[in-house]
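Residues per chain, in single letters:
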Amino acid sequence: MGGSAAESAAGKKDAGGGERAHLRVPLPLPRPFLDTFRANLKETFFPDDPFRAVVRERGAGRRAAAALRYFFPLLEWAPAYTLGTFKSDLISGITIASLAIPQGISYAKLANLPPILGLYSSFVPPLVYAMMGSSRDLAVGTVAVASLLISSMLGAEVSPTDNPALYLHLAFTATFFAGVFQASLGLLRLGFIVDFLSHAAIVGFMGGAATVVCLQQLKGMLGLEHFTTSTDLVSVMRSVFSQTHQWRWESVVLGSGFLFFLIITRYFSKRQPRLFWISAAAPLTSVILGSLLVYFTKAENHGIQVIGYLKKGLNPLSVTNLDFTPPYMMLAVKTGIITGVIALAEGIAVGRSFAMFKNYHIDGNKEMIAIGTMNILGSFTSCYLTTGPFSRSAVNYNAGCKTAMSNVIMSLAVMITLLFLTPLFHYTPLVVLSAIIMSAMLGLIDFPGAVHLWHVDKVDFCVCAGAYLGVVFGSVEMGLVVAVAISVLRVLLFVARPRTTVLGNVPDTTMYRRMDQYTTARTVPGVLVLRVDSPIYFANSSYLRERISRWIDDEEERTGAKGETGVQYVVLDMGAVGGIDTSGTSMLDELKKNLDRRGIQVVLANPGTEIMKKLDSSKVLELIGHEWIFPTVGEAVSECDFVLHSHKPGNAAAVHENIV
């Protein structure tokens, strides 16, 4: 067909004298390379157009104010803050403080850090997040998985008991690098990197980490003084059962009793959501009861280990304690990056979940900047890694929080504790802290989620299981690597081995659907319709060429056995082909030439703008012929069928040229 609009609208007489309209697919208008590059760059890094509110403002002052509101969401909601909202946030803040104080102390012990650091980390970071975070429900604090990662990764190189000062400095340094990494991802708009941790990988990894954390707490629950530093199941079980003669029945009874109490309160809170405060207050209640029990029974003299002295006062500066010298700096960098990614994945996932419940939007990249900034400033003020844990955020949500002010209330409650109440924790038994950690971790082992993955997607279940087994039988880092590796491998397989399917006509319609899904769909004699379900790139172009050839061979074998018309046309449905590179255009070039030698015509249906542009530039469009490009599969098959039934199949292409 020619290239004019008149020709595209020209009528053609069919065998019965009727007129058939033939629609061509127009070439996109030429566009400068820089314009295309800028558009693609914006879509990759700024798909949410974050600065649209700034650009809309007129005047430098108003734009500067809009930019400040973007980076400090506090400036958006604070001017409209009301007394009623404050009452809701006050209740939420006090509630999560009652959970944050015992959890902070517990998780600091899990990280092999001084318990007071857990309180420090619940004071400064929430204040920073309240100014910069976009989530109304995220409750900031320390988390068990990051604490375990710090303990296992730093503890493998530096002993927290033999060299506690260096271990502490490396924990601050790792937190600093985690914050720098997190904030950099947000500033550079690289948040999509976190998306490589799929939901299935997170379910498996968090479940494995929770299992490992629970196993580590057997040291406190059994009253053991010496315990393995390894986190794998075999090493922990060997350490437990090789010291049966050192088990203390007092610790077992006390720990089991408080663990049962915590589990029961959680059960009641789940059955009656209005009683959420029972579960939220249970950890602090356990700490108070445990401390009173130890104090009045003198259990400290009978082998029950206690926290001991906690220093009064607010966070001391630690910026001079950051260690940027070899040989340990790279250890801090590696620990910071890995823990930073895990903290981001958890914090953003939790924030998005609760934002969905309340029907508002949070900016993932802005969250990265906020979380990164609070960890950087936290590393300067004696804090270790923090994020938004699910358990604390769920309590904050159920308590009816309205804004991030609940984090400020929690921070003020922790400040009062640091200034006046730390001596009260002297007699808190470590076994109670172990029970608090175990009860919190049991909620992270998502058995129903794993079963759901098995029923829905077996590959996702394998990702989940691989992550879980890697953590439990290897290490936390190995589980993370396994989870990411399987997820990336799955993506690569989808790209390298895209699905191609045969389409058939649904009777009495012009629709063409997958024949393996729609059993009533039928093929058109002499026409093979194939759908390609992915972009055509260098990674899959060779596979697609071979797969299309196999489809043709299979179809000719089938029609030959039945004595039907062989394949004369191959219609490629390009609707799902979102992009193509030079390897893809070369593949279509080779496919066209190979099929020409077999007397088969290639027909393209529904190619997108990008495809048409690349085919035109590479001259493949000229080789195939613009008259064989159609906007829909139905029109392509209709034209092929018309030519086949009007003329001899062997001369179909030449006859079509004469008709056009």
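Remember, it's a predicted structure, so these values are computed and weren't measured experimentally. (Residues numbered from 1 in each chain as written. Predicted model: local features only at pLDDT ≥ 70, side-chain atom pairs only at ≥ 80, totals over all residues. Heavy atoms only, no water.)

Thoughts on the overall build of the chain
Rules: Put simply, DSSP H or I for four residues or longer makes a helix, DSSP E for two residues or longer makes a strand, and each gets a number counted from the N terminus. Exposure is judged per residue with a 1.4 Å probe applied to protein chains only, and the accessible area is read against the type maximum: over 50% gives exposed, under 20% gives buried, and values in between give partly exposed. It only takes one pair of heavy atoms within 4.5 Å for two residues to be counted as in contact. Calculation of accessible area relied on Shrake-Rupley with a 1.4 Å probe; when residues are assessed, cover is drawn exclusively from the protein chains displayed. Counted charges follow a simple rule, with Lys and Arg positive, Asp and Glu negative, and His plus the chain ends left uncounted. Where a charge sits is defined by one atom per residue type, namely NZ (Lys), CZ (Arg), CG (Asp) or CD (Glu).
On a plain count of helices and strands, the chain comes out with 29 helices and 8 strands. By the burial criterion, 51% of the 660 residues in the chain qualify as buried. For the chain, the proportion of contacts with a sequence separation of at least 24, taken over those separated by at least 6, is 78%. Only carbon and sulfur atoms are counted for the fraction: they give 63% of the accessible area of the chain, which is about 30,600 Å². Between the centroid of the 54 positive side chains of the chain and the centroid of its 49 negative side chains there is a distance of 8 Å.

Details of the packing of aromatic side chains
Note the following rule: For this analysis, a ring pair means two rings from Phe, Tyr or Trp (six-membered ring only for Trp) whose centres lie within 6.5 Å, classed as stacked if their planes differ by under 30 degrees, edge-to-face if by over 60, and tilted for the remaining angles.
Across all of its chains, the model carries 14 aromatic pairs by this definition. For the ring pair Y267 and F268, a centre distance of 5.8 Å and an interplane angle of 65° mean the geometry is edge-to-face. You can call Y267 partly exposed: its relative accessible area is 42%. Taken together, a centroid distance of 5.1 Å and an interplanar angle of 75° make the contact between W454 and F461 edge-to-face.

Section: the pairing of strand β3 (residues 500-505)
Applied cut-off: By this definition, two strands are paired if DSSP reports at least two bridges between them.
Burial runs high along β3: 6 of the 6 residues are buried. Summarising the sheet, β3 and strand β5 (residues 527-532) pair through 4 bridges and their orientation is antiparallel. From the neighbouring strand, V502 faces β5, where its bridge partner is L530. The turn joining β3 and strand β4 (residues 512-514), which pair antiparallel and follow one another in sequence, is formed by 6 residues; a positive phi near 65° is taken by D508.

So, helix α16 (residues 329-358)
Worth spelling out the cut-off: Residue count minus one, scaled by 1.5 Å, sets the expected span of a helix.
Taking 1.5 Å as the rise per residue, α16 with 30 residues should run 44 Å; its terminal C-alpha atoms sit 42 Å apart, in good agreement. Where α16 ends, the next residue or the one after it, N359, has phi of about 60°, a positive value.

What about helix α17 (residues 364-380)?
Which entries qualify depends on this criterion: By the criterion applied in these results, polar contacts are pairs of N or O atoms within 3.5 Å in which, for protein atoms, one can donate a hydrogen and the other can accept it, and in which residues neighboring in sequence qualify only through two side-chain atoms.
For α17, which comprises 17 residues, the first-to-last C-alpha distance of 25 Å matches the rise-based estimate of 24 Å (1.5 Å per residue) to within 8%. When you tally the buried positions in α17, you get 15 out of 17 residues, the bulk of the element. Here α17 starts with a cap whose side-chain oxygen sits 3.0 Å from the backbone nitrogen of N365, and that cap is D363.

Things to note about the environment of L166
Here L166 is to be found in helix α10 (residues 164-187). For the pair L166 and Y129, spaced 37 residues apart in the sequence, the C-alpha separation amounts to 28 Å. Not counting residues within four places of it along the chain, the set of residues in contact with L166 comprises V158, D323 and Y328.

Things to note about the state of the cysteines
Put simply, the rule reads: Cysteine sulfur atoms are paired as a disulfide whenever they fall within 2.5 Å.
Taken as a whole, this structure holds 0 disulfides when the rule is applied. Here C214 is not disulfide-linked; the sulfur of C464 is the nearest cysteine sulfur, at 16 Å. Overall, C214 belongs to the buried group, its relative accessible area being 10%.

Some remarks on unusual backbone geometry
The omega torsion across P326 and P327 is 10°, close enough to zero to call that bond cis. At N606, a residue that is not glycine, the phi angle is positive and equals roughly 60°. One non-glycine residue with positive phi stands out, namely K619, at about 70°. As for its position among the elements, K619 is in the loop between α26 (609-617) and α27 (620-624).

A short note on the sheet that holds strand β6 (residues 569-573)
Let me state the cut-off plainly: To obtain each axis, a line is fitted to C-alpha atoms, and for helices this fit is confined to the stretch in contact; angles are then taken between N-to-C directions over 0 to 180 degrees.
The mixed open sheet is built from 6 strands, whose spatial order is β4-β3-β5-β6-β7-β8. Lying at the two open borders of the sheet, with one neighbouring strand each, are β4 and β8 (629-630). Pairing of β3 with β4, which is carried by 3 bridges, proceeds in the antiparallel orientation. Counted as the bridge partner of G504 is R513 from β4. Packing against the sheet, helix α24 (residues 541-562) makes contact with β3, β5 and β6, and its axis sits at approximately 150° to β5. Across the sheet, helix α25 (residues 582-597) lies against β6 and β7 (601-605), angled at about 140° from β7, the strand it touches most.

Quick notes on the confidence of the model for the chain
Close inspection of predicted coordinates is inappropriate in any region flagged by low pLDDT. The line we're drawing: Scored from 0 to 100, pLDDT reflects the predictor's confidence in each residue.
Averaged over all residues, the pLDDT of the chain equals 84, while 92% of them reach at least 70. In this model, residues 1-23 is a region of pLDDT below 50 whose contacts with residues beyond four sequence positions or in other chains number 41 contacts.

Remarks on the side chain of T501
Mapped onto the elements, T501 comes out in strand β3. According to the relative accessible area criterion, T501 is buried, its value standing at 6%. The contact partners of T501, leaving out residues within four places of it in the chain, are R514, V529, L530, R531 and W551.

Points about the pattern of salt bridges
Our working definition: Each salt bridge in this description consists of a side-chain nitrogen of Lys or Arg and a carboxyl oxygen of Asp or Glu lying within 4 Å of one another.
Tallying each qualifying case throughout the model produces 15 salt bridges. Where E555 meets R558, a salt bridge forms, and the shortest distance between an N and an O atom there is 2.7 Å. With a gap of 3 residues between them, E555 and R558 both fall in helix α24, about one helical turn apart. E555 sits in the buried class, given a relative accessible area of 13%. A relative accessible area of 29% places R558 in the partly exposed class. Between K614 and E610 there is a salt bridge whose closest N-O contact spans 3.3 Å. Linking K614 with E610, this pair stays in helix α26, spanning 4 residues, or about one helical turn. K614 sits in the partly exposed class, given a relative accessible area of 30%. Put simply, R499, R531, D533 and D573 are held in one network by salt bridges that share partners.

Describing the nonpolar core
A general trend in soluble globular proteins is that nonpolar side chains are found buried together. In plain terms, the rule: Only buried residues count toward a nonpolar core, which is a set of Ala, Val, Leu, Ile, Met, Phe, Trp, Tyr and Cys residues joined through side-chain atoms within 4.5 Å.
By size, the foremost hydrophobic cluster in this structure holds 110 residues, and its most contacted members are I105, L113, L117, F205, Y384 and M441. By residue number, the principal contributor to this core is α16, which donates 12 residues. Ranked by size, the runner-up nonpolar core spans 49 residues in total, among them V529, M587, L615 and V633.

Considerations on the UniProt feature "domain: STAS" (unreviewed entry) in the chain
Counted only if it meets this: UniProt positions are given in the numbering used here, feature names are shortened, and annotations may be inferred rather than shown by experiment.
On the UniProt side, "domain: STAS" (unreviewed entry) is annotated at positions that read residues 517-640 here. Its end C-alpha atoms 24 Å apart, residues 517-640 is made of 48% helix and 15% strand.

Quick look at the pairing of β5
With respect to burial, β5 is a largely interior element, 5 of its 6 residues being buried. Bridge analysis of β5 against β6 gives 5 bridges, and the strand direction is parallel. Note that in β6 the partner of L530 across the bridge is L572.

Let's talk about the packing of helix α14 (residues 249-271) against helix α15 (residues 276-297)
Threshold: Each angle receives one of four descriptions, namely roughly parallel if under 35 degrees, roughly antiparallel if over 145, roughly perpendicular if within 65 to 115, and oblique otherwise. Put simply, a crossing is left-handed when the front helix is turned counterclockwise from the back one by less than a right angle, and right-handed when it is turned clockwise. In this classification, Asp, Glu, Lys and Arg are treated as charged, Ala, Val, Leu, Ile, Met, Phe, Trp, Tyr, Cys and Pro as nonpolar, and every other residue, Gly included, as polar.
One way to put it is that α14 packs onto α15 with a least axis distance of 8 Å and a crossing angle of 160°. Of the possible angle classes, the one that applies to α14 and α15 is roughly antiparallel. Between α14 and α15 the crossing geometry is right-handed. In contact with L254, F258, F261, L262, T265, R266 and S269 of α14, α15 contributes F276, I278, S279, A282, P283, T285, S286, L289, G290 and L293. Here the contact of α14 with α15 is composed, by residue class, of 10 nonpolar, 6 polar and 1 charged.

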